[in-house]
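# A look at the structure
Letter by letter, the chains look like this.
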Amino acid sequence: MKRGVVGIAGVAAILAALLMEAADRPEADGPQYTAEGQLVRPNNYREWVYLSSGLGMTYGPVAEAARDGNPMFDNVFVNPTAYQAFMATGKWPDKTIFVLEVRASGSKASINNGGRFQSNLAGIEAEVKDEKRFPSKWAFFGFGASASPAKMLPTTAQCYSCHSTNGAVDNTFVQFYPTLLDVAKSKGTLNAKAAQAETTDQAVDVVCKMGVDPKTALKAEYKGKTYYFCQPACKDNFEGSPETYLTAEK
Ligand code: HEC
């Protein structure tokens, strides 16, 4: 009898543990903190969703080494749960976590003669959206090349102002992640500044297919419609035989 009771209690405990795990699962890839509130470095970030790489466009402390002809690569990853939410809504949910992995670049090794490939890890930075924990909702962290947890960078760090002023969607640089940019455009979640930048380049030169700003571009009227050109040669070509370009458009 006693054994039976233990057995039932044991099964109940296992069930409770499984249920708790299931409840945790949606956020299982979200930010984890130590008891002191430091961010634990997510060791499996390379299994997350890869957004894009920049070459020579690093900022902050790791940027210093990037000068002098050795541009660094940065690779951006986001946790899968946040990625799925972004694809559905064009917005970052609470508990989004990004990793920016910065790597040195090399050239002329093995069979490579030109171009640049990625090499040693220079550092890892993270950006977390945790609405209850951080007064400004987002917080930044620098791990360097170490696997130890990192303290939140103070809100006076440049990370905060550059990201909030220039990021196209909610503090983040979606304008540089080509597949996400299309999602944000279609869901209408670009902030006003980014949306404005997208629309000022609205017109396309029908001759060379370059994007042009209708406010400053050369113009020609044809059958009641205005066409815009990047240079006089394009305008001349168009005016010489407009139908050629307009049929090619269709
Ligand atoms: C001068 C502007 C600027 C500053 C300062 C800056 N960043 Fe960024 N950050 C960018 C840009 C631009 C990107 C776009 C991705 C790239 O570089 O490839 C980016 C991307 C990121 C990303 C990927 C997610 C996102 O928001 O798009 C993280 C994480 C990140 N930065 C962390 C940091 C941290 C940590 C600091 C401070 C130590 C910092 N950044 C300072 C401009 C800045």
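Rules behind the numbers
- Residues numbered from 1 in each chain as written.
- Predicted model: local features only at pLDDT ≥ 70, side-chain atom pairs only at ≥ 80, totals over all residues.
- Helix = DSSP H or I, 4+ residues; strand = E, 2+ residues; numbered from the N terminus.
- Contact = placed C-beta atoms within 7 Å.
- Core = buried A, V, L, I, M, F, W, Y, C linked by C-beta atoms within 7 Å.
- Buried ≥ 20, exposed ≤ 12 C-beta atoms within 10 Å, placed from the backbone.
- Pairing = 2+ DSSP bridges.
- Axes fitted to C-alpha atoms, helices over the stretch in contact; angles between N-to-C directions.
- pLDDT = per-residue confidence, 0-100.

## Let's talk about the overall build of the protein chain
Counting its secondary structure elements, the protein chain contains seven helices and nine strands. Summarising the internal contacts of the protein chain: among those between residues at least 6 apart in sequence, 46% fall at separations of at least 24.

## Side note on the nonpolar core
With 36 residues, the main nonpolar core has Phe77, Val78, Phe98, Val99, Ala126, Ala168 and Val174 as its most contacted residues. Sorting the residues of this core by element identifies strand 2 (73-78), helix 2 (80-89), strand 3 (96-106), strand 4 (117-129), strand 5 (138-144) and helix 4 (178-187) as the ones contributing at least two each. Element by element, the count of residues in this core is highest for strand 3, at five residues. Beyond its immediate stretch of four places on either side in the chain, Val78 contacts Trp48, Val49, Leu51, Tyr83, Thr96 and Phe98. Ranked by size, the runner-up nonpolar core spans nine residues in total, among them Val207, Tyr227, Phe229 and Cys230.

## Description of the environment of Glu239
Relative to the helices and strands, Glu239 resides in helix 6 (residues 232-240). Placed 18 residues apart in sequence, Glu239 and Glu221 show a C-alpha to C-alpha distance of 9.1 Å.

## Let's talk about the environment of Val40
Within the element layout of this structure, Val40 appears in the loop between helix 1 (2-24) and strand 1 (49-55). C-alpha of Val40 to C-alpha of Ser148: the two residues are 108 residues apart in sequence and 7.1 Å apart in space. Beyond its immediate stretch of four places on either side in the chain, Val40 contacts Gln32, Tyr33, Thr34 and Pro149.

## A few points about the sheet that holds strand 5
Spatially, the five strands line up as an open sheet ordered 1-2-3-4-5, and their pairing is antiparallel. Each edge of the sheet is formed by a strand with only one pairing partner; in this case those strands are strand 1 and strand 5. Taking the axes of each pair of neighbouring strands and ignoring which way they run, one obtains an average angle of 25 degrees across the sheet. Two strands pair when backbone bridges link them, and strand 3 and strand 4 are joined in this way by 10 bridges, in the antiparallel orientation. By the bridge assignment for strand 4, Glu101 is matched with Ile124.

## Here's the deal with unusual backbone geometry
Although it is not a glycine, Lys108 sits at a positive phi angle of roughly 55 degrees. Along the polypeptide, Lys108 turns up in the loop between strand 3 and strand 4. By the C-beta count within 10 Å, which is 11 here, Lys108 ends up exposed.

## A look at the confidence of the model for the protein chain
Low-pLDDT stretches of the model should not have their predicted coordinates read in fine detail. The pLDDT averaged across the protein chain works out to 86; a share of 82% of its residues lies at or above 70. Helix 1 is the least confidently modelled element of the protein chain, averaging 53 in pLDDT, while helix 2 averages 98, the highest of any element.

## Thoughts on the environment of Ala88
Turning to its location among the elements, Ala88 is positioned in helix 2. Assessed through the 11 C-beta atoms surrounding it within 10 Å, Ala88 is described here as exposed.

## Quick look at the pairing of strand 4
With six bridges joining them, strand 4 and strand 5 adopt antiparallel strand pairing. Within the sheet, the bridge partner assigned to Glu125 lies in strand 5 and is Gly142.

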